[in-house]
Each structure stands twice: as structure tokens, then as C-alpha cells.
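Geometric and topological summary
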Amino acid sequence: MSACKRLLYIVKHRGIWPSIWRRNVTTWSPVGAAFNAKPHRRLELFEKNVGLFGVPELSSPAGFEVTTKRALKDTQELVDKVCSSPPGAVTVETFDQLSDGLCKVADLADFVKVAHPEPSFREAAEKTCIEIGTVVEKLNTNVDLCRSLKNLLDNKEVLAQLDPETRKVAELFMFDFAISGIHLDEKLRKEAVKLHVKLLDLNNEFLMGSHLPNRIAKSAIPEHIHCHFATEGSFIQIGGLHAESSNDLVREVAYRIFLYPNADLMECLEELLKCRNKLAKLVGYESYAHRALQGTMAKTPETVMNFLQLLTDKLSERTAIDFEMIKDMKTKLNPLNAELMPWDPPYFSGVLRAERYNIEPSLYSPYFSLGSCMEGLNSLFTKLYGVSIMSEHPSAGEVWNDDVRKLAVVHETEGLLGYIYCDFFHRANKPHQDCHFTIRGGRQCQESGQYQLPVVVLMLSLPHPTKSAPTLLTPSMMENLFHEMGHAMHSMLGRTRYQHITGTRCATDFAEVPSILMEYFATDYRVVNQFARHYQTGQPLPQSMVARLCESKKVCGAADTQLQIFYSALDQMYHGKPQNRSTTDILKDMQHKFYGLPYTPNTAWQLRFSHLIGYGAKYYSYLMSRAVASMVWKQCFVQDPLNRDMGERYRREMLAHGGGKEPMLMVEGMSWS
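In the annotation of an unreviewed UniProt entry, the entry for the protein reads Mitochondrial intermediate peptidase, and the organism field reads Oncorhynchus mykiss. The Catalytic activity (unreviewed entry) field of the UniProt record for the protein holds the comment "Release of an N-terminal octapeptide as second stage of processing of some proteins imported into the mitochondrion." Under the Function (unreviewed entry) heading, UniProt states for the protein: "Cleaves proteins, imported into the mitochondrion, to their mature size."

1. Quick look at the overall build of the protein
Within the protein one finds 27 helices and 10 strands. Taking 2.2 N^0.38 as the reference for a compact globule, 673 residues should give roughly 26 Å; the C-alpha atoms of the protein span a radius of gyration of 26 Å, in line with that estimate. By the burial criterion, 54% of the 673 residues in the protein qualify as buried. Within the protein, contacts between residues at least 6 apart in sequence are counted, and of these 72% link residues at least 24 apart. Taking the average location of the 75 positive side-chain charges in the protein and that of its 76 negative ones, the two points are 3 Å from each other.

2. Looking at the sheet that holds strand E10 (residues 455-462)
An order of E4-E5-E6-E10-E7 is seen for the five strands of this open sheet, with the pairing classed as mixed. The sheet terminates laterally at strand E4 (387-392) and strand E7 (435-440), the two strands that pair on one side only. The average angle at which neighbouring strand axes cross in this sheet is 25°, direction not considered. With six bridges connecting them, strand E6 (residues 415-425) and E10 associate as parallel partners. By the bridge assignment, Phe-425 is partnered in E10 with Leu-462.

3. Some words on a negative patch on the surface
Judged by side-chain charge, Asp-201, Glu-205, Asp-264 and Glu-267 come together as a negatively charged surface patch. Elements that contribute at least two residues to the negative patch include exactly helix H9 (186-210) and helix H11 (263-282). Tracing the backbone through its elements, the reader meets Glu-267 in helix H11. With relative accessibility at 58%, the residue Glu-267 sits in the exposed group.

4. So, the nonpolar core
In this structure, Phe-368, Met-374, Ile-420, Phe-424 and Phe-637 are the most contacted members of the largest nonpolar core, which totals 148 residues. Per element, the largest residue contribution to this core is 10 residues, and it comes from H11. Beyond its immediate chain neighbours, meaning those up to four positions away, Phe-424 contacts Phe-35, Leu-370, Met-374, Lys-430, Leu-458, Leu-460, Ser-461, Leu-462 and Leu-481. In this structure, Phe-121, Ala-125, Ala-408 and Tyr-451 belong to the second largest nonpolar core, which totals 28 residues.

5. A few points about empty space enclosed by the protein
The final tally for this structure, using the stated rule, is three cavities of 30 Å³ or more. One number sums up the size of the largest cavity: a volume of about 70 Å³. As for the largest cavity, its lining consists of Phe-381, Leu-384, Tyr-385, Gly-486, Met-489, His-490, Pro-514, Leu-517, Met-518, Phe-521, Tyr-650 and Leu-655. Those elements giving two or more residues to the lining of the largest cavity turn out to be helix H16 (370-385), helix H17 (475-493), helix H19 (513-522) and helix H26 (644-655). For the lining of the largest cavity, the element with the most residues is H19, which contributes four residues. Classifying every residue of the lining of the largest cavity by side-chain character gives 10 nonpolar, two polar and no charged. Approximately 40 Å³ is the volume attributed to the second largest cavity.

6. Examining the sheet that holds strand E2 (residues 230-232)
If you trace the three strands from one edge of the open sheet to the other, you get E1-E3-E2, paired in antiparallel fashion. The two strands at the open ends of the sheet, each matched to only one other strand, are strand E1 (214-217) and E2. Strand after strand, the sheet turns through a mean of 35° between neighbouring axes, direction not considered. Strand direction decides the pairing type here: E2 and strand E3 (residues 235-238), joined by three bridges, are antiparallel. The partner of Thr-231 across the bridge, within E3, is Ile-236.

7. Considerations on the pairing of E10
For E10, the buried fraction is high: seven of the eight residues fall into the buried class. With five bridges connecting them, E7 and E10 associate as antiparallel partners. Looking at the pairing, Arg-440 lines up with Val-455 of E10.

8. Focus: the pattern of salt bridges
Overall, the coordinates contain 39 salt bridges when judged by the stated rule. Across the pair Asp-144 and Arg-147 runs a salt bridge whose closest N-O atoms are separated by 2.9 Å. Placement of both Asp-144 and Arg-147 in helix H6 (residues 143-154) is noted, with a separation of three residues, approximately one turn of the helix. We note a salt bridge from Lys-588 to Asp-585, for which the minimum N-O separation is 3.9 Å. Of the two residues, Lys-588 and Asp-585 are both situated in helix H23 (residues 583-594); the distance of three residues between them amounts to about one turn of the helix. Its relative accessible area of 37% is what places Lys-588 among the partly exposed residues. Residues participating in the shared-partner salt-bridge network are Asp-96, Asp-100, Lys-104, Arg-443 and Glu-447.

9. Observations concerning the packing of H19 against helix H25 (residues 621-637)
Running from amino to carboxyl end, H19 crosses H25 at an angle of 50°, the nearest separation of the two axes being 8 Å. Judged on the interaxial angle alone, H25 and H19 are oblique. Remark: the crossing between H19 and H25 carries right-handed chirality. On H25, the residues touching Val-513, Ile-516, Leu-517, Glu-519, Tyr-520 and Phe-521 of H19 are Tyr-622, Ser-625, Arg-626, Val-628, Ala-629, Ser-630, Val-632, Trp-633 and Phe-637. Among the residues forming the contact of H19 with H25, the class breakdown is 11 nonpolar, two polar and two charged.

10. Considering the side chain of Lys-618
With respect to the helices, strands and loops of the structure, Lys-618 is situated in the loop between helix H24 (611-614) and H25. Although Lys-618 is buried, it forms no salt bridge, and the closest oppositely charged side chain is Asp-509 at an N-O distance of 7.8 Å. Beyond its immediate sequence surroundings of up to four residues, Lys-618 is in contact with Ala-292, Leu-293, Thr-296, Thr-508, Asp-571 and Gln-572.

11. Topic: the layout of surface pockets
As a volume, the second largest pocket reaches approximately 660 Å³. Around the second largest pocket sit 32 residues that line it, and Arg-70, Asp-100, Gly-101, Lys-104 and Gln-452 are the ones nearest its centre. If you list the elements that add at least two residues to the lining of the second largest pocket, you get helix H3 (63-84), helix H4 (89-115), E6 and E7. If you tally residues by element for the lining of the second largest pocket, the top one is H3, at eight residues.

12. Brief notes about helix H5 (residues 119-139)
With 21 residues, H5 ought to run about 30 Å at 1.5 Å a step, and its terminal C-alpha atoms sit 30 Å apart, in line with that. For H5, the complete set of buried residues consists of Phe-121, Arg-122, Ala-124, Ala-125, Thr-128, Cys-129, Ile-132, Gly-133, Thr-134, Glu-137 and Leu-139.

13. Quick notes on unusual backbone geometry
At Phe-53, a residue that is not glycine, the phi angle is positive and equals roughly 55°. Within the secondary structure, Phe-53 sits in the loop between helix H2 (30-35) and H3. Residue Phe-53 is classed as buried on the basis of its relative accessible area of 12%. Despite not being glycine, Cys-556 shows a phi value in the positive range, around 60°. Following the sequence through the fold, Cys-556 ends up in the loop between helix H21 (543-552) and helix H22 (557-574). By relative accessible area, which is 1% here, Cys-556 ends up buried.

Parameters and conventions
Numbering of residues starts from 1 in every chain and runs along the sequence as written. Thresholds applied to this predicted model are a pLDDT of at least 70 for local features of residues and 80 or more for the giving and counting of side-chain atom pairs; totals over whole chains, interfaces and linings are not thresholded and use all residues. Excluding hydrogens and water, the side-chain values take into account all heavy atoms of the structure. UniProt positions are given in the numbering used here, feature names are shortened, and annotations may be inferred rather than shown by experiment. Only DSSP runs of H or I covering at least 4 residues are called helices, and only runs of E covering at least 2 are called strands; the numbering of each starts at the N terminus. The size measure is the radius of gyration over C-alpha atoms, and the globule rule it meets is 2.2 Å times the number of residues to the 0.38 power. For every residue, the accessible area (1.4 Å probe, protein chains only) is compared with the maximum for its type, and the residue is labelled buried under 20%, exposed over 50%, or partly exposed between those bounds. Whether two residues are in contact is decided by their heavy atoms: any pair within 4.5 Å suffices. Counted as positive: Lys and Arg. Counted as negative: Asp and Glu. His and the chain ends are not counted at all. Every charge is mapped to an atom, namely NZ of Lys, CZ of Arg, CG of Asp or CD of Glu. Strands are labelled as partners when DSSP assigns at least two bridges between them. Fitting a line to C-alpha atoms yields each axis, with helices limited to the stretch in contact; the angle taken between N-to-C directions then spans 0 to 180 degrees. Nonpolar side chains (Val, Leu, Ile, Met, Phe, Trp, Tyr) within 5 Å and like charges within 9 Å form the patches, drawn only from residues with over 30% relative accessible area and no salt bridge. Only the protein chains shown count as cover for residues, and the accessible areas themselves come from Shrake-Rupley with a 1.4 Å probe. Here, a salt bridge means any side-chain nitrogen of Lys or Arg that lies within 4 Å of a carboxyl oxygen of Asp or Glu. Residues belong to a common nonpolar core when they are buried Ala, Val, Leu, Ile, Met, Phe, Trp, Tyr or Cys residues joined through side-chain atoms within 4.5 Å. Cavities and pockets are defined on a 1 Å grid built over the protein atoms alone: a cavity is a set of grid points where a 1.4 Å probe fits but cannot escape, while a pocket is an open set with protein on both sides within 12 Å along at least five of seven lines, and lining residues are those with an atom within 4 Å of any such point. Grid points are joined across faces, edges and corners, and a volume is the space filled by probe spheres set on the points. Residues are grouped as follows: Ala, Val, Leu, Ile, Met, Phe, Trp, Tyr, Cys and Pro are nonpolar; Asp, Glu, Lys and Arg are charged; every other residue, Gly included, is polar. Each angle is binned into one of four classes, with values under 35 degrees roughly parallel, values over 145 roughly antiparallel, values of 65 to 115 roughly perpendicular, and all other values oblique. It is the rotation of the near helix from the far one that decides the hand of a crossing: anticlockwise by less than a right angle makes it left-handed, clockwise makes it right-handed. A helix is expected to span 1.5 Å for every residue after the first.

Here you go:
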């Protein structure tokens, strides 16, 4: 065999696999080996570029325009079809096909615009997002389209023949029409569309701006702390809060500079909130919060605020004790500057935990190599659901960076369920948030008779492996991995007929339940013992270390929760009835009422609150989902977290329905009678 043919054979049949760090006692499973492998640039000289996510047109940025045009052409054909068809199940199926065609392009573009390393791809994707978004808003106020659905819902005889899932999807599509102002006259409908389109631009502007670093002249801050920050010529660049720094001055400078108000972004936020309120009022709601909370577990802003106040009242004594402990620790370490400030709690609560329970992350990280954690997830999913995650070689051009891994999710009897792309490693210009992105939703395709497999991306910002060790995770990184994988499995196991309700496309305050529940598995020794092994010796993580880690979470837990309550209350106030005062004045008020630590003058934390875009009026969802996840864990898994019968029940009652069933009914299905 010639050298060229041998090379082709290796590329095609074996891949260019990098070397693996030695493991002296046991061997890695294939999925563990894939994630503990040293990164290696793929050799794609002889492979055809299949395009991002296997979409052939997306082998170049220009492909976004092609896919957008095709989606819009298909959309018009489906609109014509549904408007000319008699009412029946086909009405809902066509609506879902229409929605799927637009979502497959928009969701993919939504991910690429924030994650692709090449600006040309990001710009093309952003243009697609705006173009598709504009069309969606016009469709949501299309009277003929709405009438075809109304004819179905008003026809009791036909409606009675539909299965519950189909009826639910029809009602959800009608709900989308209602909140978009379909009931308005033509002039006001056009006004609603204009506001929607304007909000697309404002949302994008705020989201991008909220992640940008601030900079300050080097001469403005003490020279001895310059080394803690990135530099750019004669400027210091500050792109985060440096909350874990042991240096008080570094934390203070980072807080004051990173949160220093940006006038343009402030104007953007103020305009965004005004537009949201104007749109809500236009379509018949008291406020944007009232509109956003339709269809959630909470239902109304009043319920949310009552929930937040109830939590605050229950936590008040413990929160006060936590702040006192944090202040005492600061006094002990820095008696000359003992006043507790907003940049202090994350660091000093960490010191308290470490001192009390000896949970220095470097003691744990050797047991949490990325490969072993992925093995642990694979083992857990196999035991609970009969599901395995298997590493696959992506084709040329399928992924956007060399270190992205592709996983196939396979059920022991049902076969292939879908794909997860793992974009786990830090890189320049990549958002630092841990996220789950739906690229394609699952659905039963009436056109082909096949099931469209779901595709998702999990994005983390983990450190790269070194020459001497694989990527080693801190306990918090490991928990975040489990959390995001909870979203991914919701997408894989929520095997619905309609993509409109697939997986995580459910009520926002329910969507976090599966991911938060995974955090309980991540800190249970019976689960951790399945995978936590020292990457060099193979020794298991001692049970006492896991116990200390769990106990440490209770330290300052009330103060941590109270911070989330403050953020949630702030979100509600921003989206409630207009108050004729600045967003900063509202922040000061909410911080005083719900958190207690003083507001720092000339800061605007709200300009870094990027969740205002995806979670507008719904940030409380994390807290409500945590309450539900805690209940599910205690009732169903605390006795045996690896119980297959309970795993199957959890899948059947909660994961399988996506957004096709009322959240509270799903919760009741998991509760013991």
C-alpha cells in the first residue's frame, strides 16, 4: 500500500487520534478516552466539507443566505397549504412543519452568531437571525394563518378527534398569535410587528454589549495590580468581576470598572424595557411581565413576587447569620478594611468553606478529569434510562473548532435518539456562560415518515489540557457539566411528535428542573463513586471528601440564594408597570430591600444582566425550578439515585412530554400519592 493510500485509510477508518494520558490502574472507556485525549488538529485534506452540523450550504458564510431564502420559500408554500386546507390534524402538522423550517435555520444561526470563531460566519448568522425573526413576527400577526387555526379550535367535532398532544400544540400556536396582537386592527398589528422587529435589534445590541470588557488607563489604577488584568497598549482591560481573587483591591477595582455605566448600553436597556412594555400594553396586557408569564407554572407577576417574598422571609435569619460570618472572616483577614462590600461575599464565603471543610479545588480536580466525568454521565444515563453516549468523529467542516466533540445518544432498544455537540473549551471571543443550545428539535415528519433527530450544543469554558494532564475540573465545573447535560438529555428524551414542544421547549420555570436535578446526582457519593478516579493512580475519591463537599454547600447558602432572589425581584420590577425612574434607581431600591449590602455609586450591574434577554420577567425560574427539583429528588431518587424503575418513571412523567403537558401535571405525576 502506498504512503498516500495508507494515510487515506487511517483518516477514513481510524481517524487521527491523539495520544492519551497514561492511566496506571484502569483504562478509559471510549467516551472517556475521547474527552481525555490531547487535542490534535484534524487532517481534512481528502474529506469533503459537509458544512456546519452537516448542512452542506454552511461550508461558507454565504450559505446562510441560501438556507434563509430556501426556508422563506418553503414557509410561503406551507402558509398557502394550511390556509387552503380543511381543519384537522393536518392543520397542526403543517403549522409545526412551518415552525420547524424556520427554527432549524434561526436556532442554528442563533448559536453561530455567538460561538463561531470567524467574524464572517458570526455576521452572516446574525443577519439570518434578524431576517427570520422579522418573518416570524409577521406570521404571528397573519390573519389568514390565524383563521385556519381558529377554524380548527372552534370546530368541536374535529377537535374531539384530536389526541391531547395535538390539541395542546394547536392551543400553543393560538397563544402565540394572541400575545402578538392578532386581535388588533391592521394598523395596530403593523405597529406590533414594528415593535417586535425593533426589539430583535435591541436584544442583540444589549446582549453583545453586556459581554464586552471595560477599559481604563493603566495610570488610573495601582501598578502592583496591573498583572491581574489584560492589557491593551496604555489601557487595562477588565472583562469580569474577578470575584475569586484573594486581593481585596483587585476585586474592588474589577467591580467598579467592569460595572461602570456605559451611556449607550444604558440607553439601549431603557429603550428595550420601554418597547417591551409598549408591546405588552398594545396586545392587551397590564405589563410585559403579565404577558411573559402566561403559560408558566407561576402564571402571574403577583405569584412570582409572593414566592420571592416568602423565600426572603424564610431565609432572613440564616441570611443575616451568613453575612455576619462573611464579615467576621473579612475582619479576621483584613482588620483595617472590615466593611462588607458587594464584591466580598463570593471570595470570603469560599474561604469559609475551605477553612471549615478543607475543600480546596486543587485537592478534588485530579479526580474529576473531563474524561472521567463524561464516563460518569454515561454510566448514570445507562443505569437510569438505558441510554449510552458514544463519541463520533465529526466530518470535515461539521464543527466550528477543532476541539469540539460530537456525541451520539443511543438507547438500548430505541436506537439513536440524537446528537450532542460538546464545545467545552475556552477560546477568545467565546461567551463565558455555560449554555445549552437547541440546533434542531425532534419531530415526527409526516412528509417522510421518519423521526427528525434532535441536535443540541453544550457550551462550557473549561481549561485546555496541558502537556502533563488532561482537563481537570473543579467541583463547581463538574456540577455545571452535569447541569448542562441535564438540559441535553431533556432534549434527547423529550421525544414528542411536534418540534414546537420538543425537549426544553416548555415553560421556562419548568425547563430548569431537569438540569438542576442533575446537580443532586453530581454531589451524591453513590453516583460520584461510579466515576471519580485520580487521573494518574486510578484511586477513587474518598467518601469523606464528597461528604465535606456536600456539607460545605450549606455554608453561606442562604446569602447565595438571597442574591438570586434580588436578581429575580429586579427582573420583575424592570418588566412590571413603568415607574418613571432610572434602572439604576430601581436597582438601588431592590438591592436594599432584597439583598442588604450597599449599592456602590457609579456602577450599573444591570448592564451585565444578560439574562434580561432570554429570561425577561422569568429569571425567578431558577429558584422555582430548584424548589421543584428538590422535591423530585427527595421523593424519587434520594433512596437510590441509580434506580432504573424510577429513572424510567421520571422519563415517562416529566422528560417525555417536553412542553406538551401542563408543568404542574408533570410534577404531580412524579409525586407519591
